[in-house]
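Spelled out, the chains give:
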Amino acid sequence: MIDIVMMTGTGVLLGLAIGLVVRYFGVPVNPLVESLNELMPGANCGGCGLAGCSDYANAMATGRAKPGLCPVMSAEAVAKCCELLGVESDTTEPKIAVVCCSGDDDHAAKQAFYNGVNDCLNAMLVAGGSKGCTYGCLGLGSCARACPFGAIEMLPNHLAKIHADLCTGCGKCYMACPRNVIKLVPRSAAKVHVYCNSPKKAPIKRTVCKAACIGCRKCAKTAGEGQIIMNGYLASINYDNPPAEGIVEVCPTKCLRKAD
Amino acid sequence: MSHKMPEKSGLNKGDQMNKQIKFYGGVKLDEGKMTSNEPIISAPLEPLYTVPLQQHIGAPAKAVVQKGDKVLRGQLLGEAGSFVSAPVHSPTSGTVRELSSCLGPAGAQLPAVVIESDGEDTAAEPLPIFANWQEASPDELKARVAEAGIVGMGGAAFPTAVKLSPPPNVTIDTVILNGVECEPCLTADHRLMLEHTETIITGARIIARILGVKQIIIAIEMNKPDALEMMTKKAEGTGVEVVGLRVLYPQGAEKQLIYTVTGRKVPSGKLPAHVGCLVTNVSSAAAIADAVCLGKPLYERITTVTGTPVAKPGNILCRVGTPYSSALALCGGVKEDPLKIISGGPMMGMSVYSLDIPIIKGTSGILLLAADEVSQYTPNACLRCGRCNDACPMEMIPGILSSTIEFHHFSLAERWHVMDCIECGCCSYVCPAGRPLVQHMRRAKAVANATRRAAEAASKK
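Residues numbered from 1 in each chain as written. Chains lettered and ligands numbered in written order. Predicted model: local features only at pLDDT ≥ 70, side-chain atom pairs only at ≥ 80, totals over all residues.

Draft legend 1. Structural context of the interface of chain B and chain A. Listed by partner, the interface residues are 16 residues for chain B and 13 residues for chain A. Elements with a contribution of two residues or more to the side of chain B that touches chain A: strand S16 (350–352) and helix H14 (437–460) of chain B. Ranked by the residues each element gives to the side of chain B that touches chain A, the list is headed by H14 of chain B, at five residues. Residue composition of the side of chain B that touches chain A, by class: seven nonpolar, seven polar and two charged. (Contact = placed C-beta atoms within 7 Å. Helix = DSSP H or I, 4+ residues; strand = E, 2+ residues; numbered from the N terminus. Nonpolar A, V, L, I, M, F, W, Y, C, P; charged D, E, K, R; others polar.)

Rendered as structure tokens:
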């Protein structure tokens with residue numbers, strides 16, 4: 001009997017104490033921030049450029065940031081945010097990451113045997129990594145570990161592959177890659193890509209990688225004006241005016257491919 | 001013993017060693033100096049020299065020649081790009097074939113000038129000679145050091161002229177010449193001390209003149225008794241003191257050397273100038289003497305080519321831009337296939353995968369290792385045994401730091417003084433779990449530097 005009374009009494013007293021603390025010491029929460037927070041994806045990826053989702057919600061509520069910076073949010077969520085904030089809808093183009101390299105173990109030569117820490121940046125610090133091409137993917141998976149959405153798969157032959165359905169374009173992999181192989185491109189224009197990153201002359205590239213862009217300009221000539229730009233010996237897609245998918249047929253080394 | 005010790009003299013050798021200050025940590029290594037008795041040989045002319053424009057720490061040199069230009073030996077190829085930079089000079093006479101890039105010892109592509117030798121090796125007009133440098137003003141001498149492109153030739157290649165310009169609020173009272181060469185296998189400095197003793201002493205006195213310093217000390221490890229004796233003999237009456245040091249790796253590291261010789265400790269994150277010292281390599285001192293007395297810019301250096309796979313290991317006077325393969329061919333090529341090629345010594349050198357890399361001002365050695373000399377191990381978890389703590393000469397905690405860095409806690413690692421790491425390799429050498437400790441440290445340092453640069457760039461905006 002005593003224990004029941006004790007427990008009930010303690011409960012009532014503690015409940016009262018909590019109630020009083022909330023009543024007199026409670027910090028008022030902006031209801032706008034709360035409702036914005038509910039719309040956030042909650043991945044805390046930092047793609048918006050702020051510390052995390054709740055920081056971004058706060059920033060939007062206080063007017064420090066615009067809605068639509070989050071690469072992960074759906075269009076409806078952004079529209080709702082704008083409605084809550086009472087501003088015009090202004091969305092940024094959603095992006096997607098692309099690994100611009102075809103040099104897996106089958107195609108790219110290895111100059112050395114690397115037996116150090118299993119991380120791309122560490123490998124870069126030892127004679128620039130073991131791959132013959134000094135511009136290609138090192139294949140040790142720094143990007144895959146950095147991706148908060150699990151969108152990057154390391155293929156068994158040491159090349160990073162991005163799954164377009166999971167990628168949100170937050171740019172974490174882009175920041176993690178020490179060789180700048182990963183590029184962020186507009187999602188709507190991401191139909192064909194040049195899977196090569198080396199600006200070297202063709203003979204140098206070909207000795208270290210069978211899948212490199214040889215700079216033959218076939219694609220640039222076949223495509224429409226300004227759709228494919230030649231950066232020295234490397235073709236690059238103009239994502240503001242992308243070429244049709246059929247262009248991939250002309251590439252002799254198959255480094256110009258449809259998005260995979 | 002004829003040479004003076006930093007502690008009480010008049011004691012016998014064993015007592016002197018015991019009295020000498022010992023820095024914390026360090027490891028005893030198998031020296032493997034098989035080329036100590038090989039005289040320096042001059043390399044013949046190469047048909048092609050690839051001269052990188054960045055052979056030093058700091059900004060790369062800016063090319064002042066164009067494709068097709070005729071150049072002479074010692075002519076300026078690139079001028080210093082900024083305050084922390086050094087000019088680059090042509091190793092021979094010939095034509096500039098192209099301005100391109102080449103693979104450097106660290107694995108990065110460096111901008112380079114490719115020179116096709118004409119076989120004449122005509123020298124350019126030398127820089128004006130200081131016939132009486134004792135009378136020349138320190139500023140003139142310092143300008144010459146900068147003009148001649150002299151950098152620290154121990155390996156780090158820091159521009160010497162920058163080192164000779166200490167901030168105005170510090171006074172330097174001691175110049176220490178580093179002839180320790182504690183790195184196993186390398187003997188380039190040893191041979192230089194034997195064959196060009198007087199040049200080194202002149203260089204030391206020029207440095208002292210530039211800084212207005214009275215105390216000049218040349219430090220040599222006790223495993224080179226012939227160099228020690230020769231130096232002591234030649235230094236008599238010049239005011240230069242020669243000191244023999246205990247054989248312990250890394251005795252030749254700047255901060256450890258200062259502590260052993262003067263008893264002063266350089267605080268964390270500070271430079272030797274903070275405790276009134278300046279340390280420079282004996283090769284750099286010799287280069288300074290050549291630049292001042294002969295008007296010769298720095299375009300050649302002594303490189304040790306060694307390792308069991310090398311047929312005839314030796315010490316070679318190579319022009320800058322000579323490919324590693326030519327230096328190796330001069331040593332009779334290889335007896336067996338090497339498994340690993342290292343630019344520098346076994347403890348601090350960089351492994352490279354190509355022999356097309358050119359020799360630069362900081363290339364103290366090329367080391368080849370045979371298959372049975374290279375151990376391939378899989379790193380295990382840290383045992384918390386603490387051997388790395390006992391071995392670390394910077395009194396750091398490498399084991400704990402490496403675990404921290406493995407989990408990407410870079411700011412914590414920085415707070416625990418990862419920037420103090422001198423990458424000497426003692427921790428990795430003693431680690432029973434085979435952990436790549438130095439590689440972890442290097443990564444943390446690279447990240448910290450990148451963060452600092454990003455913050456600086458952001459604050460400029």
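Draft legend 2. Broad picture of the environment of Met 34 of chain B. Residues and elements named next belong to chain B. Positionally, Met 34 belongs in the loop between helix H1 (13–19) and strand S1 (40–42). Separated by 22 residues in the primary sequence, Met 34 and His 56 place their C-alpha atoms 28 Å from one another. In this structure, Met 34 is in contact with Thr 306 and Pro 313, ignoring residues within four places of it in sequence.

Draft legend 3. Looking closely at the domain arrangement of chain A. Residues and elements named next belong to chain A. With domains assigned, chain A is organised as domain 1 (29–92) and domain 2 (95–258). One C-alpha centre belongs to domain 1, the other to domain 2; they are set 32 Å apart. Taken residue by residue, the interface counts five residues in domain 1 and eight residues in domain 2. When grouped by side-chain class, the residues that make up the side of domain 1 that touches domain 2 number four nonpolar, one polar and no charged. (Domains from an automatic or database assignment.)

Draft legend 4. Layout of the packing of helix H4 (residues 188–195) of chain B against helix H8 (residues 282–293) of chain B. Residue and element names in this part refer to chain B. One way to put it is that H4 packs onto H8 with a least axis distance of 9 Å and a crossing angle of 45°. Judged by the angle between their axes, H4 and H8 are oblique. Side by side, H4 and H8 meet where Asp 189, Leu 192 and Met 193 of the first sit next to Val 282, Ser 283 and Ala 286 of the second. For the contact of H4 with H8, the residue count by class is four nonpolar, one polar and one charged. (Axes fitted to C-alpha atoms, helices over the stretch in contact; angles between N-to-C directions. Parallel < 35°, antiparallel > 145°, perpendicular 65-115°, else oblique.)

Draft legend 5. Focus on the nonpolar core. Of all hydrophobic cores here, the largest spans 174 residues; its most connected members are Ile 176, Leu 177, Ala 204, Ile 218, Ala 219, Ile 220 and Ile 288 of chain B. Those residues within four positions of Ile 176 of chain B in sequence are excluded, and the remaining contacts are Ile 217, Ala 219, Leu 257, Ile 258, Val 261, Cys 277 and Val 279 of chain B. (Core = buried A, V, L, I, M, F, W, Y, C linked by C-beta atoms within 7 Å. Buried ≥ 20, exposed ≤ 12 C-beta atoms within 10 Å, placed from the backbone.)

Draft legend 6. Structural view of the sheet that holds strand S12 (residues 277–281) of chain B. Residue and element names in this part refer to chain B. Within the open sheet, the four strands sit side by side as S11-S10-S9-S12. Their pairing is parallel. Of all strands in the sheet, those with a lone pairing partner are strand S11 (240–245) and S12, marking the two edges. For this sheet, the mean angle separating the axes of adjacent strands, direction not counted, is 25°. Looking at chain direction, strand S9 (residues 174–179) and S12 are connected through five bridges and run parallel. Across the sheet, residue Val 175 finds its bridge partner in S12, namely Leu 278. (Pairing = 2+ DSSP bridges.)

Draft legend 7. Main features of helix H7 (residues 254–262) of chain B. Residue and element names in this part refer to chain B. Of all nine residues in H7, eight are buried, a share of seventy percent or more. Listed as buried for H7 are Glu 254, Lys 255, Gln 256, Leu 257, Ile 258, Tyr 259, Thr 260 and Val 261. The inward-facing, buried residues of H7 contact S9, strand S10 (215–221), S11 and S12. Just past H7, the residue Gly 263 takes up positive phi, approximately 80°.

Draft legend 8. Spatial organisation of the pairing of S12 of chain B. In terms of burial, S12 of chain B is a largely internal element, five of the five residues being buried. Of the two faces of S12 of chain B, the one holding Cys 277, Val 279 and Asn 281 of chain B and the one holding Leu 278 and Thr 280 of chain B are both buried throughout.

Draft legend 9. Broad picture of unusual backbone geometry. All names here are of chain B. Cis geometry marks the peptide bond from Tyr 249 to Pro 250, where omega comes out at -5°. If you trace the backbone, Pro 250 turns up in the loop between S11 and H7. Unusually for a residue other than glycine, Arg 384 sits at a positive phi of about 60°. Considering the arrangement of structural elements, one finds Arg 384 in the loop between strand S17 (365–370) and helix H10 (387–391). The class of Arg 384 is exposed, set by 9 C-beta atoms lying within 10 Å. A positive phi angle, close to 65°, is found at His 408, a residue other than glycine. Counting through the fold element by element, His 408 comes out in the loop between helix H11 (398–406) and helix H12 (410–415).

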